[in-house]
Amino acid sequence: QCFRRPEAEAVCAWDGSLSYGELETLSSEVCEVLYANDVLPGRIIPLVFEKSKWTVVAMLGVLKAGAAFVTIDPSFPQARVQAICYDVKAPFILCSATQKYPTLNLNREFITIPIKDSGTLSSQTKENYLSASDPNQPAYIAYTSGSTGAPKGIVISHGNFCTNMALSSPLQNLGDTSRVLQFASYAFDVSIHETLTPLMLGGSVCIPSESQRVDNLQQAILDLRVNWIELVPSVARLLDFNAIPEVKTLVIGGETMRPSDISQWAGQLNLTQAYGPA
């Protein structure tokens with residue numbers, strides 16, 4: 001998509017917009033830094049970011065390097081973050097400048113995104129990242145909530161994710177005109193689906209700030225021109241869909257829908273239900 005539509009908007013976030021061409025350049029800079037830090041294919045890199053366009057850059061940079069990522073919500077207790085970093089044998093942490101100081105106590109080195117003083121990619125780096133991954137390698141790790149014991153990390157390969165994207169997207173009305181709300185917490189794998197799937201299809205990832213997400217979601221949907229959302233029913237019930245007419249698709253997961261939800265929403269937009277790898 002980056003080569004096909006370099007000028008098209010890939011990310012529309014509260015902290016700025018990125019075209020596909022810009023996303024290609026910035027994520028390649030992250031990839032080069034990972035190579036410089038001896039990251040090999042198969043390594044797992046934790047990402048600690050608030051809602052931001054830079055989270056997307058970090059995800060793609062890790063994937064280009066052939067490594068895998070695990071997203072960590074900044075609100076996690078430090079013990080949970082330490083446990084995840086230990087479990088995945090993280091060599092270091094990628095984080096935003098805002099999260100730099102909370103990560104200092106994790107006994108891990110950290111690299112902040114955006115990358116400062118990044119140079120141009122060498123031809124060797126370009127050759128490496130174009131072939132760094134294969135379908136069987138891990139793309140990311142999704143952790144369960146731990147409600148039935150210790151949290152378990154589910155390994156999702158490139159092939160797993162691509163197969164699901166290719167087969168589920170037509171059923172969920174996802175395509176190159178989709179403007180997808182990135183609502184889910186980074187604690188949940190839905191956040192990865194909301195980010196990578198629209199990019200693979202040529203759509204746009206729409207990212208509200210954490211305060212917009214919690215306190216003013218309906219206005220954020222309008223401001224970001226969102227037309228596709230995935231929510232739990234209890235959050236969807238807080239929205240007046242008549243006031244956000246650009247939203248054409250609602251995907252529900254995580255909780256049981258009521259019959260009244262189905263009768264109300266199915267008459268207004270494309271309604272479907274989803275579930276994840278756990």
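Residues numbered from 1 in each chain as written. Predicted model: local features only at pLDDT ≥ 70, side-chain atom pairs only at ≥ 80, totals over all residues. Heavy atoms only, no water.

### Description of the packing of aromatic side chains
For any pair of aromatic rings, geometry is given as the distance between the ring centres together with the angle between the planes. The full count for this structure, using the stated rule, is 3 aromatic pairs. Measuring from centroid to centroid gives 5.8 Å for Phe-69 and Tyr-140, while their planes differ by 20°, and the two rings are stacked. Of this pair, Phe-69 sits in strand S4 (residues 68-72) while Tyr-140 sits in strand S7 (residues 138-143), placing them 71 residues apart in sequence. Taken individually, Phe-69 and Tyr-140 each receive the classification buried, so the pair is uniform in this respect. Ring geometry for Phe-241 versus Trp-265: centroids 6.4 Å apart, planes at 70°, classification edge-to-face. Here Phe-241 is found in the loop between helix H9 (233-236) and strand S12 (249-252), whereas its partner Trp-265 is found in helix H10 (residues 259-265), with 24 residues between them in sequence. As far as burial versus exposure is concerned, Phe-241 and Trp-265 are alike and both buried. Among the aromatic residues, those joined into a cluster by ring pairs are Phe-69, Tyr-140 and Phe-161. Above the face of the Phe-76 ring, Arg-80 is positioned so that its terminal group lies 4.7 Å from the ring centre. The lysine or arginine in question, Arg-213, covers the ring of Phe-183, its NZ or CZ lying 4.7 Å from the ring centre. (Phe/Tyr/Trp six-rings, centres within 6.5 Å; stacked < 30°, edge-to-face > 60°. Helix = DSSP H or I, 4+ residues; strand = E, 2+ residues; numbered from the N terminus. Buried < 20%, exposed > 50% of the residue type's maximum accessible area, 1.4 Å probe, protein only. Lys NZ or Arg CZ within 6 Å of the ring centre and 35° of its normal.)

### Things to note about the nonpolar core
With 44 residues, the main nonpolar core has Leu-23, Leu-47, Phe-69, Leu-94 and Ile-113 as its most contacted residues. Among the elements that take part in this core, helix H2 (residues 53-64) stands out by supplying 8 residues, more than any other. Dropping the residues within four chain positions of it, Leu-94 is found in contact with Val-30, Leu-34, Ile-45, Pro-46, Leu-47, Val-48, Phe-49, Ala-58, Val-62, Ile-111 and Ile-113. Core analysis: the next-biggest nonpolar cluster, separate from the first, contains 21 residues, Cys-12, Cys-206, Leu-224 and Leu-239 among them. (Core = buried A, V, L, I, M, F, W, Y, C linked by side-chain atoms within 4.5 Å. Contact = heavy atoms within 4.5 Å.)

Scope: geometric values only; no functional claims are made or implied.
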